[in-house]
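Okay, here's what each chain looks like letter by letter:
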Amino acid sequence: MTTTTAEAPTRRDTGDLLFRTLTGGWIFLLLIVLLSIFLVLRPEQFGSAYNVQQLTINAAIFLVLAVGQTYVIISAGIDLSVGSVLVFSSVVSSKLMLYLAGDGGTSFGTTDAGWGIILVGVAAAVLAGMAWGLLNGFLIAVARIPALIVTLGTMGMALGGAQILSDGVDVRAMPERLVNDIGAGSIAGIPVLVLIAALCVVVAGIVLHKTRYGLQVFAVGSHIEAARRSGIAVNRRLISVYALSGAMAGIAAVMANARFGTTTINGHVMDNLTTISAVVLGGTSLFGGAGSVFGTVVGVFIPIILLNGFVIMGIPPFWQTVAMGAVLILAVWVDQLKRRLRKRG
Amino acid sequence: MTTPLLEATDIHRTFGHVQALRGANFSVMPNEIVALIGDNGAGKSTLVKILSGADRPDTGSIRVAGETMHFGSPYDAQQAGIATVFQDLALAPDLPPAENLFLGRELVRPGFAGRLGFLDRRAMRERAAEQFQRLGVHLKSDRVAIETLSGGQRQSVAIARAAMWAQRVIILDEPTAALGVVQTQRVLDLAKRVRDQGISVVLISHNMPQVLDVADRVQVLRLGQTVANLDASSASVDDLVREMTSGTAEEAA
Ligand SMILES: Nc1ncnc2c1ncn2[C@@H]1O[C@H](COP(=O)(O)OP(=O)(O)OP(=O)(O)O)[C@@H](O)[C@H]1O
Ligand SMILES: [Mg+2]
């Protein structure tokens with residue numbers, strides 16, 4: 001009755017791959033093209049070990065934030081609060097470490113706090129970030145307030161909270177071990193900050209793309225009602241992605257403290273838009289249900305490499321801002337073309 | 001006489017001052033396709049929502065294989081072996097067919113990796129392919145998002161999914177309303193195959209020739225009441241239309 005559908009896996013897979021490269025992978029190609037151009041034009045400066053190290057260190061904090069944002073956007077949400085949550089977590093963490101080190105009054109320099117205290121500081125940052133994320137998730141999933149509004153609200157609240165805790169003045173005293181061994185340290189020639197970011201990216205990528213939890217995040221973002229009716233715990237999934245994004249902001253807070261040796265209260269106003277554009281640039285749909293962590297990594301590196309290349313080439317860095325805006329619009333346009341094309345096919 | 005797989009007796013449901021159902025009866029026997037027909041507003045969708053756990057009756061009873069049931073949610077109905085394909089299909093448009101078939105019931109790998117929640121996509125694809133083959137559903141690729149499929153194919157995936165998890169009955173609310181001739185025929189063939197696999201099908205349709213072609217039995221609702229229960233092989237389109245528009249239940253009641 002039913003004929004066995006003869007499979008031609010190899011041909012179909014290459015066709016599939018070609019389709020995905022042409023549609024989804026174009027931004028990856030853009031990255032390769034940019035790298036090649038700069039490498040050909042200025043091989044010594046652009047390709048130097050030092051430059052590569054600086055590039056990856058610059059990317060590290062954004063990578064961690066953007067990975068959390070990827071989960072949120074795939075679930076058809078948005079998290080505008082990441083930068084403020086980072087600031088809040090960094091203030092809480094650094095204040096706590098100062099207090100534990102018995103140097104509550106120190107206003108700059110370094111403390112000789114041990115790894116135990118640093119560990120407590122890390123935990124505090126992650127928990128504080130996660131707490132904001134849980135609040136976001138609860139308001140979005142249970143109280144059903146739009147994500148844009150909720151995270152806009154908590155963006156203000158977290159930044160204000162950080163300023164209240166710190167009187168608006170950056171905490172400039174950090175544990176020396178944190179700054180030296182994590183902020184400036186490296187293992188086997190790779191900066192520790194980059195290793196942390198890589199670990200976050202790999203784990204988050206595996207969980208999103210290989211586990212049942214990850215697939216359910218996609219399902220929730222693709223069609224929330226379908227997910228709910230098929231028995232997926234939609235609210236728990238939603239709350240968890242915002243909690244994850246908050247926790248990632250907490251990790252990023254520790255990385256920022258370690259890198260700069262101070263909190264950076266006024267330095268993260270644009271983090272939300274930077275990460276959102278990286279995620280979208282990486283092919284994750286703003287409508288939810290489709291995207292990848294790998295794409296986000298590419299999306300984080302494009303503006304950084306563009307800026308770096310422009311600086312090395314002597315092009316005024318302002319052009320990077322212009323170029324980035326154009327690339328972002330292009331990315332969303334391609335995404336929509338792709339969707340229209342798929343729907344017709 | 002065999003016990004019906006699914007039996008609803010004297011169902012009443014009122015919305016404000018609208019009496020959507022006022023004494024509806026409905027039964028599904030093993031291995032049959034039952035059509036549920038009625039004019040617009042007769043109460044078909046309301047009855048289906050009650051049978052699928054999405055709504056609760058004011059009074060009346062539901063029995064599954066002779067056992068009285070109170071469905072609190074569609075999930076309860078699914079547990080009892082009854083799955084419904086509503087018109088919005090409830091598929092995740094961005095995910096491939098296999099992932100949709102296993103939505104909420106994803107397969108994980110055996111052993112430790114499984115306990116960590118690692119998916120067994122290969123097993124999901126294989127079992128999905130088996131299910132599609134069993135039901136004669138042909139898809140060009142098993143990797144592409146559902147939204148790239150045609151309306152009929154999406155409908156087929158939704159039905160295949162319902163048939164995969166419902167042990168007893170699947171309910172289709174106007175499955176062919178938005179489809180062309182060829183795709184309509186495919187979906188009806190699919191309904192027959194589902195029945196031949198041992199799962200009964202409830203079909204809601206406004207298309208009378210189609211109903212007579214595919215159904216074994218036809219139950220007619222009029223103004224919230226069941227007015228006829230006909231053998232499809234001996235009924236004509238005229239019979240159905242007469243029952244829908246001028247049934248005699250009110251005099252009989
Ligand atoms: N949630 C509701 N609130 C108020 N009235 C409702 C509700 N659901 C159904 N009704 C009413 O109940 C009656 C039966 O509606 P129902 O949708 O069950 O009819 P139907 O037989 O499915 O019609 P159609 O063929 O148009 O789909 C209608 O008068 C409708 O307006
Ligand atoms: Mg209806």
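Residues numbered from 1 in each chain as written. Chains lettered and ligands numbered in written order. Predicted model: local features only at pLDDT ≥ 70, side-chain atom pairs only at ≥ 80, totals over all residues. Heavy atoms only, no water.

Trainee: It is not clear to me how the overall build of chain A should be interpreted in this structure. Could you clarify?
Mentor: Of the regular secondary structure elements, chain A holds 15 helices and 4 strands. Taking 345 residues into account, the globule formula puts the C-alpha radius of gyration at 20 Å, and chain A, at 21 Å, falls close to it. Dimensions of chain A, computed from the C-alpha atoms along their principal axes, are close to 80 × 55 × 35 Å. Among the 345 residues that make up chain A, the fraction classed as buried is 49%. Accessible area for chain A stands at about 15,700 Å²; split by element, carbon and sulfur atoms hold 70% of it. Side chains of chain A give 21 positive and 14 negative charges; the mean places of these two sets differ by 15 Å. (Helix = DSSP H or I, 4+ residues; strand = E, 2+ residues; numbered from the N terminus. Rg over C-alpha atoms; globule rule 2.2 N^0.38 Å. Buried < 20%, exposed > 50% of the residue type's maximum accessible area, 1.4 Å probe, protein only. Areas by Shrake-Rupley, 256 points an atom, 1.4 Å probe, with all protein chains shown as cover. Lys, Arg positive; Asp, Glu negative; His and termini not counted. Charge placed at Lys NZ, Arg CZ, Asp CG, Glu CD.)

Trainee: What am I meant to see in unusual backbone geometry here?
Mentor: For residues besides glycine, phi is generally negative; the peptide bonds are generally trans as well. Of note in this structure, Arg 144 of chain A is not a glycine but carries a positive phi near 55°. A relative accessible area of 57% places Arg 144 of chain A in the exposed class. Of note, Asp 10 of chain B is a non-glycine position whose phi angle comes to about 50°, a positive value. Its place among the elements puts Asp 10 of chain B in strand β1 (residues 6-15).

Trainee: What should I look at first to understand the packing of helix α5 (residues 82-100) of chain A against helix α6 (residues 115-141) of chain A in this one?
Mentor: Helix packing geometry: the angle between the two helix axes and the distance between the axes. All names here are of chain A. With their axes 8 Å apart at the nearest point, α5 and α6 run at an angle of 150° to one another. Here α5 lies roughly antiparallel to α6, going by the angle between them. The two elements α5 and α6 meet at a crossing, and its hand is right-handed. Residues Val 85, Phe 88, Ser 89, Val 92, Ser 93, Leu 96, Met 97 and Leu 100 of α5 form the contact with α6, whose own contacting residues are Ile 117, Ile 118, Val 120, Gly 121, Val 122, Ala 124, Ala 125, Ala 128, Gly 129 and Trp 132. Here the residues of the contact of α5 with α6 sort into 14 nonpolar, 4 polar and no charged. (Axes fitted to C-alpha atoms, helices over the stretch in contact; angles between N-to-C directions. Parallel < 35°, antiparallel > 145°, perpendicular 65-115°, else oblique. Left-handed = near helix turned anticlockwise from the far one by under 90°. Contact = heavy atoms within 4.5 Å. Nonpolar A, V, L, I, M, F, W, Y, C, P; charged D, E, K, R; others polar.)

Trainee: So what exactly am I meant to see when it comes to the pattern of salt bridges here?
Mentor: Note on pairing: side chains with opposite charge can pair once their charged atoms come close. Residues and elements named next belong to chain B. Evaluation of the coordinates by the stated rule reveals 13 salt bridges over all chains. Between Asp 142 and Arg 143 there is a salt bridge, with its nearest N and O atoms 3.6 Å apart. Owing to a relative accessible area of 22%, Asp 142 belongs among the partly exposed residues under this scheme. A salt bridge links Asp 239 to Arg 242; the shortest N-O distance between them is 3.1 Å. With Asp 239 and Arg 242 both in helix α9 (residues 237-246) and 3 residues apart, the pair spans about one turn of that helix. (Salt bridge = Lys/Arg side-chain N within 4 Å of Asp/Glu carboxyl O.)

Trainee: I would appreciate a short explanation of the site of ligand 1 in the present structure.
Mentor: Residue and element names in this part refer to chain B. As a structural note, the neighbourhood of ligand 1 is formed by 13 residues, with Gly 41, Lys 44, Ser 45, Thr 46 and His 206 the closest of them. Within the backbone of Ala 42, one N or O atom sits 3.3 Å away from an oxygen atom of ligand 1. Calculation on ligand 1 without its partners gives an accessible area of 630 Å², and the protein chains cover 61% of this total. Of all the elements in the fold, those that place two or more residues in the shell around ligand 1 are β2 (18-28) and α1 (44-51). The class makeup of the residues in the shell around ligand 1 is 4 nonpolar, 6 polar and 3 charged. (Near = heavy atom within 4 Å. Polar contact = N/O pair within 3.5 Å; in protein donor to acceptor, adjacent residues only side chain to side chain.)

Trainee: What is the right way to look at the sheet that holds strand β10 (residues 225-231) of chain B in this model?
Mentor: Each strand in a sheet pairs with its neighbour through backbone hydrogen bonds, running either in the same direction (parallel) or in the opposite one (antiparallel). Residue and element names in this part refer to chain B. Taking strand neighbours across the sheet as the criterion, the 6 strands line up as β6-β7-β8-β3-β9-β10 in an open arrangement whose pairing is mixed. Of all the strands in the sheet, the pair left with one neighbour each is β6 (82-85) and β10. If you compare each strand with its neighbour and ignore which way they point, the axes differ by 20° on average. Relative to strand β8 (residues 200-204), strand β3 (residues 33-38) is paired through 4 bridges, and the arrangement is parallel. Residue Ile 33 lies in a different strand from β8, and its bridge partner there is Val 201. Together, β6 and β7 (169-173) form the strand contacts of helix α6 (residues 151-165), whose direction differs from that of β6 by roughly 170°. (Pairing = 2+ DSSP bridges.)

Trainee: Help me out: how do you make sense of the pairing of β10 of chain B in this one?
Mentor: The side chains of a regular strand alternate between the sheet's two faces. Note: strand β9 (residues 217-222) of chain B against β10 of chain B, 6 bridges, orientation antiparallel. Across the sheet, the residue bridging to Leu 221 of chain B is Thr 226 of chain B, located in β10 of chain B.

Trainee: When you look at α1 of chain B in this model, what are you seeing that I'm missing?
Mentor: Along an α-helix, residues three or four positions apart point the same way, because every turn accommodates 3.6 residues. In terms of burial, α1 of chain B is a largely internal element, 6 of the 8 residues being buried. Of the residues making up α1 of chain B, those classed as buried are Lys 44, Thr 46, Leu 47, Val 48, Ile 50 and Leu 51 of chain B.

Trainee: Would you explain the packing of aromatic side chains in this entry?
Mentor: We describe a pair of aromatic rings using the distance from one ring centre to the other and the angle between the two ring planes. Residues and elements named next belong to chain A. Applying the stated criterion to the full structure yields 5 aromatic pairs over all chains. For the ring pair Phe 38 and Phe 46, a centre distance of 5.4 Å and an interplane angle of 45° mean the geometry is tilted. Like Phe 46, Phe 38 is buried. Each ring, one from Phe 88 and one from Trp 132, has its centre 5.4 Å from the other, and the planes form 85°; the classification is edge-to-face. (Phe/Tyr/Trp six-rings, centres within 6.5 Å; stacked < 30°, edge-to-face > 60°.)

Trainee: Would you explain the layout of surface pockets in this entry?
Mentor: Take a probe with the size of a water molecule and roll it over the atoms, and the empty space left behind shows itself. All names here are of chain A. Of the voids in this model, the second largest pocket is the one considered here, and its volume is about 750 Å³. In terms of lining, the second largest pocket is formed by 28 residues, of which the most central are Phe 62, Thr 274, Pro 303, Ile 304 and Gln 320. Among the elements of the structure, α4 (49-74), α12 (234-260), α13 (271-281), α14 (293-313) and α15 (318-344) are those that each provide at least two residues to the lining of the second largest pocket. Ranked by residue count, the leading element in the lining of the second largest pocket is α14, at 7 residues. Residues of the lining of the second largest pocket, tallied by class, amount to 14 nonpolar, 12 polar and 2 charged. (1 Å grid on protein atoms, 1.4 Å probe; cavity = no way out; pocket = protein on both sides within 12 Å on 5 of 7 lines; lining within 4 Å. Points joined across faces, edges and corners; volume = space filled by probe spheres on them.)

Trainee: What am I meant to see in the confidence of the model for chain B here?
Mentor: Caution applies to low-pLDDT regions: their predicted coordinates should not be interpreted in detail. In this model, chain B carries a mean pLDDT of 89, and residues with pLDDT of at least 70 account for 97%. Below a pLDDT of 50 lies the segment residues 249-253 of chain B, which in the model reaches 6 contacts outside its immediate sequence neighbourhood of four places, other chains included. (pLDDT = per-residue confidence, 0-100.)

Trainee: Teacher, can you tell me more about the interface of chain A and chain B here?
Mentor: A common measure of how large an interface is: the accessible area buried when the components associate. Counting from both sides, the interface comprises 30 residues of chain A and, opposite them, 34 residues of chain B. Each partner contributes to the roughly 2,800 Å² buried at the junction of chain A and chain B, and carbon and sulfur atoms together form 52% of this total. Linking chain A with chain B are 1 salt bridge, by the criterion used here. With a shortest N-O distance of 3.4 Å, Arg 212 of chain A and Glu 106 of chain B are connected by a salt bridge. Taken together, chain A and chain B are joined by 6 residue pairs in polar contact (both at pLDDT 80 or more). Elements represented by at least two residues in the side of chain A that touches chain B include exactly α1 (9-23), α9 (192-210), α10 (212-222), α11 (224-229) and α15 of chain A. Sort the elements by how many residues they give to the side of chain A that touches chain B and α10 of chain A lands first, with 6 residues. The residue inventory of the side of chain A that touches chain B, partitioned by class, reads 8 nonpolar, 13 polar and 9 charged. (Buried area = accessible area lost by both parts, 1.4 Å probe.)

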